[in-house]
Amino acid sequence: MSRLQIHDVSVVYPGLNNGEEVHALSHINFAIEPGEFVVALGASGCGKTTLLSLMAGFISPSDGYLTLGDNPVSGLPRVACGVDLHDQIAGPGKERGVVFQKHALLPWLNVIENTEFGLKLQGIPRSERRERAASFLKLVGLEDFHQHPVYQLSGGMQQRVGIARALTNDPEMLLLDEPLGALDALTREVLQELLLDVWKQTRKMMFFITHSVEEALFMASRLIIMSPRPGRITHEFKLDFNERFLECRDARKVKSLPEFIEMREKVLSIIHGDEQSGGMH
Amino acid sequence: MLAQKTLDNPELMTDAEPAEVPPSPSRQEVRPAPTLLQRAARLFAAGPAKPGDAFGAPGQGRSLAISIVTALSLIGLWFLSTTAGWVEPLFLPSPTAVIARFWEVLTEGFANATLIEHTGWSMLRVFGAFALALVTAVPIGIFMGVNRIARGLFDPIIEFYRPLPPLAYLPLVIIWLGIGETSKIVLIYMAIFAPMALSARAGVKSVAIEQIHAAYSMGASRWQVVRHIILKSALPEILTGMRIGIGFGWTTLVAAEMVAAQAGLGFMVLNAAEFLVTDVVIMGIIVIGIIAYLFDLLMRFAERKLVPWKGH
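Residues numbered from 1 in each chain as written. Chains lettered and ligands numbered in written order. Predicted model: local features only at pLDDT ≥ 70, side-chain atom pairs only at ≥ 80, totals over all residues.

1. Points about the sheet that holds strand 5 (residues 71–74) of chain A
All names here are of chain A.
Stage number 1. Read across the open sheet, the four strands follow the order 2-1-4-5; overall the sheet is antiparallel. Since the sheet does not close on itself, it has two edges, and those belong to strand 2 (22–32) and strand 5, each with one partner. Recorded for the sheet is a direction-independent mean angle of 30 degrees between the axes of neighbouring strands.
Stage number 2. Pairing geometry for strand 1 (residues 4–13) and strand 2, over seven bridges, is antiparallel. Note on strand 2: the bridge partner recorded for Tyr13 is Val22. (Pairing = 2+ DSSP bridges. Helix = DSSP H or I, 4+ residues; strand = E, 2+ residues; numbered from the N terminus. Axes fitted to C-alpha atoms, helices over the stretch in contact; angles between N-to-C directions.)

2. Quick word on the interface of chain A and chain B
Stage number 1. On the side of chain B, 14 residues touch chain A, which itself brings 21 residues to the contact.
Stage number 2. Of all the secondary structure elements, the ones that give two or more residues to the side of chain A that touches chain B are strand 8 (96–99) and helix 3 (117–121) of chain A. (Contact = placed C-beta atoms within 7 Å.)

3. A short note on helix 6 (residues 95–107) of chain B
Residues and elements named next belong to chain B.
Stage number 1. Between its first and last C-alpha, helix 6 extends 18 Å over 13 residues, near the 18 Å set by a 1.5 Å rise per residue.
Stage number 2. In this fold, the buried residues of helix 6 make contact with helix 7 (115–146) and helix 14 (278–306).
Stage number 3. Where helix 6 ends, the next residue or the one after it, Gly109, has phi of about 100 degrees, a positive value. (Expected span 1.5 Å × (residues − 1).)

4. A few points about the sheet that holds strand 11 (residues 222–227) of chain A
Residue and element names in this part refer to chain A.
Stage number 1. Across the sheet, which stays open at both edges, the six strands sit in the order 8-9-10-3-11-12 with mixed pairing between neighbours. Taken across any chain shown, the strands that pair with only one partner, and hence form the sheet edges, are strand 8 and strand 12 (232–238). Strand-to-strand twist in this sheet, taken as the mean axis angle between neighbours without regard to direction, amounts to 20 degrees.
Stage number 2. Here strand 8 pairs with strand 9 (residues 173–177) via four bridges, running parallel. Residue Arg96 lies in a different strand from strand 9, and its bridge partner there is Met173.

5. Structural notes on the UniProt feature "transmembrane region" (unreviewed entry) in chain B
All names here are of chain B.
Stage number 1. Within the UniProt annotation, "transmembrane region" (unreviewed entry) is assigned to residues 64–87, 126–148, 160–179, 185–204, 248–269 and 275–295.
Stage number 2. Each end of residues 64–87 is marked by a C-alpha atom, and these two atoms are 31 Å apart; helix forms 83% of the span and strand 0%.
Stage number 3. Summarising residues 160–179: 70% helix, 0% strand, and an end-to-end C-alpha distance of 25 Å. (UniProt positions renumbered as here; feature names shortened; annotations may be inferred.)

6. Let's talk about the nonpolar core
Stage number 1. Val38, Val39, Met55, Met206 and Phe207 of chain A together with Ile188 and Ile192 of chain B are the most contacted members of the largest nonpolar core, which totals 141 residues.
Stage number 2. Excluding residues within four positions of it along the chain, Met55 of chain A makes contact with Leu4, Leu66, Val73, Arg96, Leu175 and Phe207 of chain A. (Core = buried A, V, L, I, M, F, W, Y, C linked by C-beta atoms within 7 Å. Buried ≥ 20, exposed ≤ 12 C-beta atoms within 10 Å, placed from the backbone.)

7. Looking at unusual backbone geometry
Residue and element names in this part refer to chain A.
Stage number 1. Here the amide bond leading from Arg229 into Pro230 is cis, since omega sits at -10 degrees, within 30 degrees of zero.
Stage number 2. Tracing the backbone shows Pro230 in the loop between strand 11 and strand 12.
Stage number 3. The phi dihedral of His103 falls on the positive side, at around 65 degrees, and the residue is not glycine.
Stage number 4. Checked against the element boundaries, His103 lands in the loop between strand 8 and helix 2 (111–115).

8. Re the pairing of strand 3 (residues 37–42) of chain A
All names here are of chain A.
Stage number 1. Of all six residues making up strand 3, six are buried, and the element is well covered by its neighbours.
Stage number 2. Of the two faces of strand 3, both are covered, the one formed by Phe37, Val39 and Leu41 as well as the one formed by Val38, Ala40 and Gly42.
Stage number 3. By the bridge criterion, five bridges tie strand 3 to strand 10 (residues 205–210) in an arrangement that is parallel. Residue Leu41 lies in a different strand from strand 10, and its bridge partner there is Thr210.

9. A look at the environment of Leu52 of chain A
All names here are of chain A.
Stage number 1. Looking at the secondary structure, you find Leu52 in helix 1 (residues 48–56).
Stage number 2. A residue is classified by how many C-beta atoms lie within 10 Å of it, and Leu52, with 22 of them, is buried.
Stage number 3. Considering only alpha carbons, one finds Leu52 and Asp250, 198 residues apart in sequence, at a separation of 30 Å.
Stage number 4. When residues no more than four places from it in sequence are discounted, the contact partners of Leu52 are Leu175, Asp177, Phe207 and Ile209.

10. Section: the packing of helix 7 of chain B against helix 13 (residues 265–274) of chain B
Residues and elements named next belong to chain B.
Stage number 1. For the pair helix 7 and helix 13, the least separation of the axes is 7 Å and the interaxial angle reads 125 degrees. For the element pair helix 7 / helix 13, the angle class is oblique. Contacts from His118, Thr119 and Ser122 in helix 7 reach Leu265, Gly266 and Met268 in helix 13. (Parallel < 35°, antiparallel > 145°, perpendicular 65-115°, else oblique.)

11. Things to note about the UniProt feature "domain: ABC transmembrane type-1" (unreviewed entry) in chain B
Stage number 1. UniProt marks residues 119–299 of chain B with the feature "domain: ABC transmembrane type-1" (unreviewed entry), using the numbering shown here.
Stage number 2. Counted over residues 119–299 of chain B, helix gives 86% and strand 0%. Its end C-alpha atoms are 20 Å apart.

12. A look at the confidence of the model for chain B
Do not read the predicted coordinates in detail wherever pLDDT is low.
All names here are of chain B.
Stage number 1. Chain-level pLDDT for chain B is 86 on average; 88% of the residues reach the 70-or-more range.
Stage number 2. This stretch, residues 1–19, has a pLDDT under 50; its non-local contacts, to residues over four places away or in other chains, come to four contacts.
Stage number 3. Scored as a complex, the prediction yields pTM 0.81 and ipTM 0.90. (pLDDT = per-residue confidence, 0-100.)

13. Some thoughts on the pairing of strand 9 of chain A
Residues and elements named next belong to chain A.
Stage number 1. Among the five residues in strand 9, five count as buried, and that is most of the element.
Stage number 2. Here strand 9 shows no split at all, with Met173, Leu175 and Asp177 on one side and Leu174 and Leu176 on the other all buried.
Stage number 3. Looking at chain direction, strand 9 and strand 10 are connected through five bridges and run parallel. Within strand 10, the position partnered with Leu175 by the bridge is Phe207.
Stage number 4. Crossover connection from strand 9 via helix 6 (residues 185–202) to parallel strand 10: handedness right-handed. (Right-handed = clockwise from strand over helix to strand, strands pointing away.)

14. Side note on the confidence of the model for chain A
Stage number 1. Here chain A averages 87 in pLDDT, while 91% of its residues score no lower than 70.
Stage number 2. Element-level mean pLDDT values for chain A span from 50 in strand 6 (residues 79–80) of chain A up to 95 in helix 2 of chain A.

15. Side note on the environment of Phe248 of chain B
Residue and element names in this part refer to chain B.
Stage number 1. Looking at the element boundaries, Phe248 is found in helix 12 (residues 222–256).
Stage number 2. Of the residues examined, Phe248 has 23 C-beta atoms within 10 Å and is grouped as buried.
Stage number 3. Along the sequence, Phe248 and Ala194 sit 54 residues apart, while their C-alpha atoms lie 9.7 Å from each other.
Stage number 4. Sequence-distant contacts of Phe248, defined by excluding residues within four places in its chain, comprise Ala191, Ile192 and Pro195.

16. Focus on the packing of helix 9 (residues 166–177) of chain B against helix 10 (residues 181–205) of chain B
All names here are of chain B.
Stage number 1. Helix 10 packs onto helix 9 with a crossing angle of 140 degrees between their chain directions and a minimal axis gap of 9 Å. The angle between the axes of helix 9 and helix 10 places the two elements in the oblique class. Crossing geometry of helix 9 relative to helix 10 is assigned as right-handed. Only Thr182, Ser183, Val186, Leu187, Met190 and Ala191 of helix 10 make contact with helix 9, whose side of the interface consists of Pro166, Leu170, Val173, Ile174 and Leu177.
Stage number 2. Partitioning the contact of helix 9 with helix 10 into residue classes produces nine nonpolar, two polar and no charged. (Left-handed = near helix turned anticlockwise from the far one by under 90°. Nonpolar A, V, L, I, M, F, W, Y, C, P; charged D, E, K, R; others polar.)

Shown next as structure tokens:
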């Protein structure tokens, strides 16, 4: 198993109308260990999505580089991990699956065709990719919806398809960009539990972005709190509420534990501090 | 449990319960049968309103009945004004005269060709140009959307000639290509090309970036992204461009058949106008209108079949 490592990464956008440069991320050093569920939380503009886009390979850093195991993700380091990676072209790759908030399914394909899409791109025979897609659709509870058009599904079911699609491709890690952000509160809680079950069964590395403090505490093995201007990681917490849920299967009980509530208030005060200083801007 | 049983066994239900409850008489009294006037008014009503939608988007509701009445009124007015002798037949012949002429041209012909031949030639030109535009404009439009060099090459050309009236460059097309069939098809082709290429390009631009990113994250190559995401995603706009394009084709038909045509609906109308045969002019206009409308219906049907996700 390989770890995802971020080596002193900065992302600087040129300012609008010759204004000041925007430091979306500044000197990030960070790693995700195999099997870890990392959640990023922070005020708007703190660089969470930029960090995810870097890991996915959609953007390149202005400085520094990222590696997954011995392989480059983006950025062009001269030597990393003893391997000369200079001039290697990196970018998005199937070892890093992404689940988006919405609009990422392909409406001209039905549920199972969407799910097997990645395998089709790789030229895997139809019967094999059908079988693999069906097993992950079963995992997310959509075994009875193979032939449904995706645009007729509810938001929660669409996200289930998105999760199954990313898993079918068998990536080493999943990058989840506010995957539950557009859902109603009830569906959201159901899918939180589903994602933890998926994580328990696959033990893939997860990088999960959210705006919800409760969701972050519930899902994370490690929580990182980010702060804007310049975007950076300010706090890190090791948590085990997700493991406790997987043991007792009672989400409400976990979320009302005294230590959960204490942690929630602590994180809220950190984030509110950020938002106030942001408001002065 | 009991409810379940009765549902499963309809016989049991009739046994246990009395026969159907008779409709309450008081309710029938409250709602008398609608009068003829009320029925007529209902025909023009907006249709069943959604509850709570008092301040919905403007212009919702049905309009078909109003459209049919408008069309029938115009035809009626045409009939009335010609039979009453308000206008000279030279300016506006009666509907019966136009229908009679339609039959005559269909069987005997006008200007050395029957209506079938006129229609056939015109359809050959318009649909020939349309097919040519389809296989060139759509790929070029998509290429313009995905490649900055292609965009830089084609954008000034298309944007310059697009607003020009076809009649303005008709002489040039004839000087270059002669008075044969080629120049006619090229003129119509040019009119169709621009809207179709621009629609295909707009279709490419309308692709959700999440879909492209998702495909790359699943290991797609650049070519696979174009083929599996961009082409499919642009399809609704390409189909819209086809509908707009064929419309431009029909509007350019008469201009294309102005010079040295032997047959064609546009030629027939122009020829009839020269000899002041007004009923053939009107008949030709109606035939063009009907063919164009039927093709548009076909395209709308194709849209529903090919891009059922549009609007979702």
